[in-house]
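Below, each chain spelled out in residue letters.
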Amino acid sequence: MLVLLVGGLVLALGLLITFFWRSTKESQGGVRYPNSLPSLPVIGSLLHLGNRLPPHILFCSLQKKYGSLYSFKMGSHYMVIVNNHEHAKEVLLKKGKTFAGRPRTVTTDILTRNAKDIAFADYSPHWKFHRKLVHSALCMFGEGTVAIEKIISREAASMCQTLSNFQNSPLDMAPELTRAVTNVVCALCFNTRYSRGDPEFQAMQNYSEGIVDTVAKDSLVDIFPWLQIFPNKDLDILKKSVAARDQLLQKKFKEHKEAFCSETIKDLMDALLKAKLSMENNNSNISQDVGLTDDHVLMTVGDIFGAGVETTSTVLKWAVAYLLHYPEVQKKIQEELDAKVGFERYPLLSDRRNLHYLEATISEVLRIRPVSPLLIPHVALEDSSIGEYTIPKDARVVINLWALHHDDEEWENPGAFNPDRFLDENGNRIYSPSPSYLPFGAGIRVCLGEALAKMEIFLFLSWILQRFTLEVAEGDALPDLEGKFGVVLQVNKFKVIARLREAWHDIEITT
């Protein structure tokens, strides 16, 4: 018996060594695959990923051993991590359609009613139709129009009034920034807005926080779906948060259906409702092909609403945090505002071409703290390649935007906050000093709300900094700049004192 036991252990050890060797070698049968972390049956490479570092930092550190493009097994899923801009652009641009798929996970299916949205839906005729429809609606109601500038400016004025009301008192600006951005997206999606203290807005904040904390974080239930049968606190939070969101969406949808008039399209939900009714009335073959159901309408609006609020408000929070750390940057922005805009009017979108330092500061915030340090995973829809490496069909490809934005071969001292890197020798703004700068992604999966987000960030910051100097209360610590990893890189809470600038004490502008 002892001999059999020892023999069995030796055999098992031999098999284990063989398995590790096969999982880490570069090539198989003459085909070259990316270097791979060691892998075990069932669990894959999880033992080698059990590091307390946030995923984007961990994936950066693994480059030292495995190179800038490497792979591992997440349970049964084959993952490829992209850490440099050449490979990233091959995935996103050169072979965009090949890598346009999305993985299905437990948490994202709960969030999107089985991928009936845009961000997490797989590449298909359904997805292309919905994205085109939403893009057209956003162009109609938002991007580049005078109407959207008025909406953003209205919310900027409201936020400045709140800052005035809290003169010299520490204020958590996060809810104020979130409400301002929420109201812009609300205007586009629902043609409504929320006042400060509105209970529906508070409920929205609560469910948004629940979603951000629990979805698309490669939790164990996403890796091993069968774990759903066991109690799961995070899954319960997600389900309750999604139920609260859906209740609000259903309410808005019902109101829009009851008040709908095809001659008067007021917002995104009206536009989607009109497209749906038009296809149904015409018995269109397109309707059957793309399946524009009530769920698709609700999830598409929910997607735009959720993503549009969370990403833009997070960028604004990071901007404020860095301005508190770098008061000299804040002062330089204010000097530029004084010289280029003055004191007789508020900033306009047309000022972007003259406010080079402010634009450079926004670009640097987006570089040093990308709102999504890991882009939503792409899926290879067929056997393909990245560089000289073979990538099999169904591989999940993750672009580590953090690595691109902190690549010391592309950026001088990448860990330092330095807006000047986005300016030329004459002080004019450079949009992209490195091909490694991709704050909104690229290609057919590029962020749908990029133009809107840029307008909001510019107008909110310019309005605030024109009138106020942001400081930390005496005795308070400066904001933490590490952040909390989730579906976005969240900013830890901090408070701000907004002091009305001396020049603005006796100025009133009639808007």
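Within each chain, residue numbers correspond to sequence positions counted from 1 in written order. In view of the model being predicted, local features appear only for residues whose pLDDT reaches at least 70, and side-chain atom pairs are presented and counted only at 80 or more, with totals across whole chains, interfaces and linings using the full set of residues. In computing side-chain properties, one takes all heavy atoms of the structure into account and sets aside hydrogens as well as water.

1. Notes on the pairing of strand β10 (residues 468-471)
For a regular strand, side-chain orientation follows a simple rule: the groups alternate between the two sheet faces.
Part 1 of the reasoning: Burial of β10 is one-sided: the residues F468 and L470 facing one way are buried, the residues T469 and E471 facing the other way are not.
Part 2 of the reasoning: Judged from the four bridges that link them, β10 and strand β11 (residues 497-500) form a sheet pairing that is antiparallel. Counted as the bridge partner of L470 is A498 from β11. Exposure is judged per residue with a 1.4 Å probe applied to protein chains only, and the accessible area is read against the type maximum: over 50% gives exposed, under 20% gives buried, and values in between give partly exposed. Every helix listed is a DSSP run of H or I at least four residues long, and every strand listed is a run of E at least two residues long, numbered separately from the N terminus. The pairing criterion is simple: DSSP has to find at least two bridges between the two strands.

2. Some words on a nonpolar patch on the surface
Part 1 of the reasoning: The patch calculation keeps residues exceeding 30% relative accessible area without a salt bridge and links them within 9 Å when they carry like charges or within 5 Å when they are nonpolar (Val, Leu, Ile, Met, Phe, Trp, Tyr). Here the accessible surface of atoms and residues is derived via Shrake-Rupley with a 1.4 Å probe, and residues count as covered only by protein chains that are part of the display. Salt bridge, as used here: a side-chain nitrogen of Lys or Arg that lies within 4 Å of a carboxyl oxygen of Asp or Glu. A contiguous nonpolar patch, built from W226, I229 and F230 and spanning about 390 Å² of accessible area, is present on the exposed surface.
Part 2 of the reasoning: Tracing the sequence through the fold places W226 in the loop between α10 (220-223) and α11 (233-259).
Part 3 of the reasoning: Judged by relative accessible area, W226 falls into the exposed class, the value being 52%.

3. Considering the packing of helix α7 (residues 146-165) against helix α18 (residues 450-467)
Part 1 of the reasoning: Direction vectors running N to C along α7 and α18 enclose 35 degrees, while the axes themselves pass 9 Å from each other. Considering the relative orientation of α7 and α18, their crossing is right-handed. Packed against α7, whose contacting residues are I148, E149, I152, S153, E155, A156, A157, M159, C160, L163 and S164, the element α18 presents L452, M455, E456, L459, F460, W463, I464 and R467 at the interface.
Part 2 of the reasoning: When residues are sorted by character, Ala, Val, Leu, Ile, Met, Phe, Trp, Tyr, Cys and Pro go into the nonpolar class, Asp, Glu, Lys and Arg into the charged class, and all the rest, Gly among them, into the polar class. Residue classes in the contact of α7 with α18 are distributed as 13 nonpolar, two polar and four charged. Note on geometry: axes are C-alpha line fits, over the in-contact stretch for helices, and angles between N-to-C directions span 0 to 180 degrees. If you view the pair so one helix is near and one far, a crossing is left-handed when the near helix is turned anticlockwise from the far one by less than a right angle, and right-handed when it is turned clockwise. It only takes one pair of heavy atoms within 4.5 Å for two residues to be counted as in contact.

4. A short note on the sheet that holds strand β6 (residues 378-379)
Part 1 of the reasoning: Taken in spatial order, the five strands line up as β3-β4-β5-β9-β6 in an open sheet, and their pairing is mixed. The open sheet has two free edges, formed respectively by β3 (35-36) and β6, since each of these has just one partner strand.
Part 2 of the reasoning: The pairing of strand β4 (residues 69-74) with strand β5 (residues 77-82) spans six bridges and is antiparallel. Bridge pairing in β5 places Y70 opposite I81.
Part 3 of the reasoning: Packing of helix α4 (residues 85-94) onto the sheet brings it into contact with β4, β5, β6 and β9 (396-399), and relative to β9 it is tilted by some 125 degrees.

5. A look at the side chain of D246
Part 1 of the reasoning: For D246, the location among the structural elements is in helix α11.
Part 2 of the reasoning: Residue D246 is classed as buried on the basis of its relative accessible area of 13%.
Part 3 of the reasoning: Among the polar contacts listed, one links the side chain of D246 to the side chain of R245, at a separation of 2.7 Å.
Part 4 of the reasoning: For D246, the contacting residues outside a window of four places in its chain are R113 and M299. In protein, a polar contact requires one atom able to donate a hydrogen and another able to accept it; more generally it is a pair of N or O atoms within 3.5 Å, and residues adjacent in sequence count only if both atoms are side-chain atoms.

6. A closer look at the pairing of β5
Part 1 of the reasoning: In terms of burial, β5 is a largely internal element, five of the six residues being buried.
Part 2 of the reasoning: Connecting β4 to the next strand, β5, in antiparallel fashion are two residues, including G75 with a positive phi near 65 degrees.
Part 3 of the reasoning: Across four bridges, β5 lies against β9 in parallel orientation. Bridge pairing links I81 to V398 in β9.

7. What about the nonpolar core?
Part 1 of the reasoning: Of all hydrophobic cores here, the largest spans 113 residues; its most connected members are M173, F460 and L470.
Part 2 of the reasoning: Other than its neighbours up to four places away in sequence, F460 contacts I152, E155, A156, M159, A180, V181, V184 and L316. To define a nonpolar core, start from buried Ala, Val, Leu, Ile, Met, Phe, Trp, Tyr and Cys residues and group those joined through side-chain atoms within 4.5 Å.

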